[in-house]
Amino acid sequence: MKYAAVVLRNKKNPTESVEYASVCDALLQGGVFLEEIVLLPYEETERLTEALSRLLVDCGGVFLICDKPLLRGAFGAFEAMGATFEGDFARMKETGKLVAVFPSGQAGAEAVRAGQETIDSHRENSYLRVVIRAMSVPPELLTAAIAQAEAASQGKLILHVSEKNGDLRVEMIYDRNTPKMIADEVVRILATGLRGYIYAMDDVSVQERLVEALTLHRRKIATAESFTGGAIGRAIVSVSGASRVFYEGLNTYDSKAKAERLGVSEYTLMSKGAVSEETAYEMAAGLLAQGHCDLAIASTGNAGPTAERNTPVGLCFLAIATKERVQTYKLHFEGDRNRVIDTAVNLALFLAYKEIK
């Protein structure tokens, strides 16, 4: 069954964006694949009516997505065509086709999830999904794994792949009539092909998985951050229950702070520089040596926008310290300042998770 969406935007400010991607993703996660997405100015009611009329001929369901101030008008557009709403959903009187109105952004995504039963009943089917989360997967490895999985799916499953700042999400969607043997084989192929980079076989964030593992093993973690400016610690404490495992986070941005708070030697700072493998090592080791945590993360780097001598934009060093060892990593990320920092944060959390045994 075909589905489509119409996104209403502000004609007076055409550069103003409507955040509809999260709503479309939520639909996709429920097995609803949009054949067409139409963007229209909300003031042009005739064009909107024409678009809805056309789509309701071709599709089994049509969804309107708009910012909250436009919701009343969006409902009115469908009501003028004979729809009677119960909540966000309605069925067209003559054809029985499904229509819905969703707010933009995360509110719309939640509305989609809340209405999944209504969508499934319209399709007379329900869908299952499996999600794999992984970090910093090499592109060639991912391409090969996805190609092999798609071949094994025999066209009965949909693979939805998305990546943000190194954090990979692979979603497998299939209906209940799909043979279990096919679904299991696709999962096996992906789990094998992405081995070493997977941190979860369900839809959780890397910080959630890290806090879960720390809680299970009764470990404490601390962070010593430079260029990430507290973002690693902030990600950890965003998880409910983090207070049981997070001891402290130090933002030792200045070299003097690295020396005084973490014991980084003056020789290291003078000879190797604040952005170096040696400094990252001593930051993590110094934090662990204080005796308050079992696992320490340290970060130092240059997120930009200005390159420094011997430290190009995107160069960073991460260190993960346990009571057994200190592991250091030299990395070079592409993108603007925020992307460099966010990618480093994700990878730091993943590397810390891998050290928990």
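Residues numbered from 1 in each chain as written. Predicted model: local features only at pLDDT ≥ 70, side-chain atom pairs only at ≥ 80, totals over all residues. Heavy atoms only, no water.

1. Quick word on the pairing of strand E3 (residues 61-66)
Quick note on the threshold: A 1.4 Å probe rolled over the protein chains alone gives each residue an accessible area, and that area as a share of the maximum for its type sets the label: buried under 20%, exposed over 50%, partly exposed in between. Strands here mean DSSP runs of E at least two residues long; helices mean DSSP runs of H or I at least four residues long; both are numbered from the N terminus. Following DSSP output, two strands are said to pair if at least two bridges run between them.
With respect to burial, E3 is a largely interior element, 6 of its 6 residues being buried. Pairing between strand E1 (residues 3-9) and E3: 5 bridges, direction parallel. Within E3, the residue paired with valine 7 across the bridge is isoleucine 65. Note: E3 against strand E6 (residues 98-103), 6 bridges, orientation parallel. Looking at the pairing, isoleucine 65 lines up with phenylalanine 102 of E6.

2. Digging into the environment of arginine 176
For clarity, the threshold we go by: Between two residues, a contact is recorded if the distance between any of their heavy atoms is within 4.5 Å.
Looking at the secondary structure, you find arginine 176 in the loop between strand E9 (167-175) and helix H7 (180-193). Put simply, arginine 176 and leucine 128 are 48 residues apart on the chain and 6.6 Å apart in space, counted from C-alpha to C-alpha. Not counting residues up to four positions away in its chain, the partners in contact with arginine 176 are Asn125, Ser126 and Leu128.

3. Here's the deal with the pattern of salt bridges
Under the convention used in this document: Any carboxyl oxygen of Asp or Glu that lies within 4 Å of a side-chain nitrogen of Lys or Arg is treated as forming a salt bridge with it.
Across all of its chains, the model carries 16 salt bridges by this definition. When the shortest N-O distance is used, the salt bridge between aspartate 203 and arginine 129 registers 3.7 Å. Here aspartate 203, found in the loop between strand E10 (198-200) and helix H8 (206-217), pairs with arginine 129, found in strand E7 (residues 127-135); they are 74 residues apart in sequence, far enough to count as distant. Judged by its relative accessible area of 39%, arginine 129 is partly exposed. One salt bridge connects arginine 133 with aspartate 167, and the closest N-O pair in it is separated by 3.1 Å. One end of the pair, arginine 133, is in strand E7; the other, aspartate 167, is in strand E9, and 34 residues separate them in sequence. Residue class for arginine 133 comes out buried when judged on its relative accessible area of 11%. Looking at aspartate 167, the relative accessible area reads 13%, which means it is buried.

4. Some points on the sheet that holds strand E4 (residues 83-86)
The test is simple: Axis definition: a line fitted to C-alpha atoms, limited for helices to the stretch in contact. Angles are taken between N-to-C directions and run from 0 to 180 degrees.
Within the open sheet, the 6 strands sit side by side as E2-E1-E3-E6-E5-E4. Their pairing is mixed. A single partner strand is all that each edge strand has here, and the edge strands are strand E2 (34-41) and E4. If you compare each strand with its neighbour and ignore which way they point, the axes differ by 20° on average. When E1 meets E2, the two strands line up parallel, connected through 7 bridges. Following the sheet pairing, tyrosine 3 is matched in E2 by leucine 34. Strands E1, E2, E3, strand E5 (89-92) and E6 of the sheet are contacted by helix H2 (residues 45-58), whose axis makes an angle of about 170° with E2.

5. A few points about the sheet that holds strand E12 (residues 246-251)
Read across the sheet, 5 strands follow the order E12-E11-E13-E14-E15 without closing on themselves; strand pairing throughout is mixed. Every other strand in the sheet has two partners, leaving E12 and strand E15 (326-332) as the edge strands with one partner each. For this sheet, the mean angle separating the axes of adjacent strands, direction not counted, is 10°. Bridging between strand E13 (residues 295-301) and strand E14 (residues 315-321) involves 6 bridges; their strand directions are antiparallel.

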